[in-house]
Amino acid sequence: MGMDLFDQRSALDLQRDREFGLIFENFICSGIWKCKNPALTLKYKVLCIMTQNQYSEDLAHIRSMMERSSRFLSLSGWAGIIPGMLALAGLAAATWCIRQAKATGSYDGNASQDHPLVMQLAAIALIVLALSIFASWYTCMRKARLEKQSTWTPAIRNMLLHFAIPLMAGAIIVGWIYQKEQWQMLSPVLLSFYGLALVLVSQFTLRSVFWLGILEIALSIPAGITGWDLPVLALGFGFAHIVYGIMMLPLNPTSTPLSTSPKGD
Amino acid sequence: MKDLIEALDKTFDSRIRLGIMSALMVNDAVEFNTLKELLDATDGNLASHLKGLETAGYISVQKSFNGRKPMTRYKATKQGRKAFESHIAALEKLIHFKP
């Protein structure tokens, strides 16, 4: 088992560190390194560098434990790419529905709450949302399992909670938009609240999510212009996710190279 | 450099103890099982290190019941946070020491 290895390694290391510390202390106390013998000075330098390596590994271990215990780092690139593609497919379907409704003359730019077009678009949006959540969750959990990280930690619970709060606030506003039939507000509200959720959740996962959130919030400015909402939604929910996901793919976001490799080599 | 090494806290003389303190520094409280998974340690080993930190007064222990399951949560004390911060500062000084 991995844990036994860890114990043995740290026990061995401790023993070695103690022996080493003893040699080191003798060395310093003797004051031998102050003499001008170049061989001895070199030995002292090597000793220093060896201890320093060990202490910088300690620091790296501390840093990685702080990260791993407070952030969910197994964010998969596919968790961006798949929802991005689903969003594009959903928007294409929505465009088709709107065009059909215009062609049959049932829609002229104003729709009431119970208009069949509103129902269709809402159904598309909910299906895309459900599939996206499922795809992101599945790919992230798969990545976490592959990296031998646990899949249900306080860090993940924190992340989900802080992701859900701005989205719930957004859902309340969307409810009022539906009630008052203020459809032109829909895209800016969706983008800015989703952006806020990303900015907040970046505290509990990869830091780069912060910039994706800022981008979504910025996109809510052009989203308010009449006729621009569908292209901007495609940009914000579709292409931004796909590009971000592709950027995440080759990277290995777990910053734990030192804690898992045997130290001292 | 000798006094720099002496500035290190001997209580943190193990990777597991460093890991425990790191997790407790960035979280309010951490459960025993979470620590176990995080550090990939055995029950006995983790418990003995936790005991060591507790005796030093660096962490506090809260025992409670979650339904019927006993739950042990650990917190870093003020003293522990201070000690760990100065330990990190000493490590950083050691790394930047030029012979």
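Residues numbered from 1 in each chain as written. Chains lettered and ligands numbered in written order. Predicted model: local features only at pLDDT ≥ 70, side-chain atom pairs only at ≥ 80, totals over all residues.

Participant: I'm lost on the overall build of chain B in this one. Help?
Facilitator: Along the backbone of chain B there are 5 helices and 3 strands. When the helices and strands of chain B are read in sequence order from the N terminus, they spell out α-α-β-α-α-β-β-α. Viewed in the frame of its principal axes, chain B has a C-alpha envelope of about 55 × 25 × 20 Å. Of all 99 residues assigned to chain B, the portion counted as buried reaches 34%. (Helix = DSSP H or I, 4+ residues; strand = E, 2+ residues; numbered from the N terminus. Buried ≥ 20, exposed ≤ 12 C-beta atoms within 10 Å, placed from the backbone.)

Participant: What exactly am I supposed to notice about the overall build of chain A here?
Facilitator: A count of helices and strands for chain A gives 9 helices and 0 strands. Along chain A, from the amino end to the carboxyl end, the secondary structure elements read α-α-α-α-α-α-α-α-α. Burial analysis of chain A (265 residues in total) assigns 26% to the buried set. Within chain A, counting contacts between residues at least 6 apart in sequence, those at least 24 apart form 71% of the total. (Contact = placed C-beta atoms within 7 Å.)

Participant: Would you mind showing me how to read the packing of helix α6 (residues 186–201) of chain A against helix α7 (residues 209–219) of chain A here?
Facilitator: In a pair of packed helices, the angle between the axes and the distance between the axes together describe the arrangement. Residue and element names in this part refer to chain A. For the pair α6 and α7, interaxial distance at closest approach is 7 Å and the crossing angle is 165 degrees. Classed by the angle they form, the pair α6 and α7 counts as roughly antiparallel. For the element pair α6 and α7, the recorded crossing hand is left-handed. Taken together, the residues of α7 that come into contact with α6 (itself represented by Leu191, Ser192, Tyr194, Gly195, Leu196, Leu198, Val199 and Val201) are Val209, Phe210, Leu212, Gly213, Ile214, Glu216, Ile217 and Leu219. Its residues assigned to classes, the contact of α6 with α7 comprises 12 nonpolar, 3 polar and 1 charged. (Axes fitted to C-alpha atoms, helices over the stretch in contact; angles between N-to-C directions. Parallel < 35°, antiparallel > 145°, perpendicular 65-115°, else oblique. Left-handed = near helix turned anticlockwise from the far one by under 90°. Nonpolar A, V, L, I, M, F, W, Y, C, P; charged D, E, K, R; others polar.)

Participant: Explain the nonpolar core to me, please; I cannot follow it from the model alone.
Facilitator: For soluble globular proteins, nonpolar side chains are generally found buried alongside one another. Phe72(A), Leu75(A), Met159(A), Tyr194(A), Ala197(A), Leu198(A) and Val201(A) are the most contacted members of the largest nonpolar core, which has 32 residues in total. The greatest single-element share of this core, amounting to 9 residues, is contributed by α6(A). In this structure, Met159(A) is in contact with Phe72(A), Val201(A), Phe204(A) and Thr205(A), ignoring residues within four places of it in sequence. By size, the runner-up hydrophobic cluster in this structure holds 27 residues, among which are Met65(A), Met21(B), Leu24(B) and Ala83(B). (Core = buried A, V, L, I, M, F, W, Y, C linked by C-beta atoms within 7 Å.)

Participant: How do you make sense of the environment of Gln184(A) when you look at a structure like this?
Facilitator: All names here are of chain A. The topology assignment puts Gln184 in the loop between α5 (154–180) and α6. You can call Gln184 partly exposed: it has 13 C-beta atoms within 10 Å. Sequence separation between Gln184 and Met248 is 64 residues; the distance between their C-alpha atoms is 33 Å. Sequence-distant contacts of Gln184, that is, excluding residues within four places in its chain, are made with Gly224 and Thr226.

Participant: Sorry if this is basic, but what is going on with helix α3 (residues 78–104) of chain A here?
Facilitator: Within an α-helix, residues lying three or four positions from one another point in the same direction, as the helix has 3.6 residues per turn. Residue and element names in this part refer to chain A. Its 27 residues give α3 an end-to-end C-alpha distance of 39 Å, which sits within 8% of 39 Å, the value for a rise of 1.5 Å per residue. Looking at α3, one finds that the buried residues are Ala79, Gly80, Ile81, Ile82, Pro83, Gly84, Leu86, Ala87 and Gly90. For α3, the elements touching its buried residues are α4 (116–146) and α8 (229–248). (Expected span 1.5 Å × (residues − 1).)

Participant: Would you explain the pairing of strand β2 (residues 59–66) of chain B in this entry?
Facilitator: Residue and element names in this part refer to chain B. Both β2 and strand β3 (residues 69–76) contribute to a ladder of 8 bridges, which runs antiparallel. Its bridge partner lying in β3, Ser60 is registered against Lys75. The loop that links β2 with its antiparallel partner β3 comprises 2 residues; one of these, Gly67, has a positive phi angle of about 70 degrees. (Pairing = 2+ DSSP bridges.)

Participant: Is there a simple way to explain the pairing of β3(B) in this structure?
Facilitator: Residues in a regular strand project their side chains so that they alternate between the two faces of the sheet. Relative to β3(B), strand β1 (residues 30–31) of chain B runs antiparallel, the two being bridged by 2 bridges. Looking at the pairing, Val30(B) lines up with Tyr74(B) of β3(B).

Participant: Before we go on, may I ask you to explain the confidence of the model for chain B in this structure?
Facilitator: Interpreting fine coordinate detail is not advised for predicted regions of low pLDDT. Residue and element names in this part refer to chain B. Summary statistics for chain B give a mean pLDDT of 88 and a share of 97% for residues scoring 70 or more. Across chain B, helix α4 (residues 43–55) holds the top mean pLDDT of 93, while helix α1 (residues 2–6) sits lowest at 74. Interface confidence for the predicted complex, given as ipTM, is 0.84, next to a pTM of 0.71. (pLDDT = per-residue confidence, 0-100.)

Participant: Please explain the sheet that holds β1(B) as it appears in this structure.
Facilitator: By way of backbone hydrogen bonds, the strands of a sheet pair with one another, either parallel or antiparallel. Reading across the sheet, the 3 strands line up as β1-β3-β2 (chain B) and stay open at both edges, with antiparallel pairing between neighbours. Both outer strands of the open sheet, β1 and β2 of chain B, are each paired with one neighbouring strand and no more.

Participant: I would appreciate a short explanation of helix α2 (residues 15–26) of chain B in the present structure.
Facilitator: Taking 1.5 Å per residue, 12 residues should reach 16 Å; α2(B) reaches 17 Å between its end C-alpha atoms and fits that length. Within α2(B), 10 of the 12 residues are buried, which leaves the element mostly enclosed by the surrounding structure.

Participant: Even after reading the chapter, I still don't get the confidence of the model for chain A, so can you show me in this structure?
Facilitator: Residue and element names in this part refer to chain A. Within chain A, residue pLDDT values average 81, and 78% of them lie at 70 or more. Note that pLDDT drops below 50 for residues 1–9; the model gives that stretch 9 contacts with residues more than four away or on any other chain. Confidence drops under pLDDT 50 across residues 253–265; counting only partners more than four residues distant or on other chains, this segment forms 19 contacts.

Participant: Even after reading the chapter, I still don't get the packing of α3(A) against α8(A), so can you show me in this structure?
Facilitator: All names here are of chain A. The N-to-C vectors of α3 and α8 enclose an angle of 160 degrees; their axes lie 7 Å apart at closest approach. It follows from the interaxial angle that α3 and α8 lie roughly antiparallel. Classified by chirality, the crossing of α8 by α3 is left-handed. Each of Trp78, Ala79, Gly80, Ile81, Pro83, Gly84, Met85, Ala87, Leu88, Leu91 and Thr95 in α3 lies in contact with α8, whose residues at this interface are Leu230, Leu233, Ala234, Phe237, Gly238, Phe239, His241, Ile242, Tyr244, Gly245, Ile246 and Met248. Here the residues of the contact of α3 with α8 sort into 17 nonpolar, 6 polar and no charged.

Participant: What is the right way to read the environment of Gln179(A) from this model?
Facilitator: Residue and element names in this part refer to chain A. Relative to the helices and strands, Gln179 is located in helix α5. With 9 C-beta atoms counted inside 10 Å, the residue Gln179 sits in the exposed group. Along the primary structure Gln179 and Gly213 are separated by 34 residues, whereas in three dimensions their C-alpha atoms are 27 Å apart.

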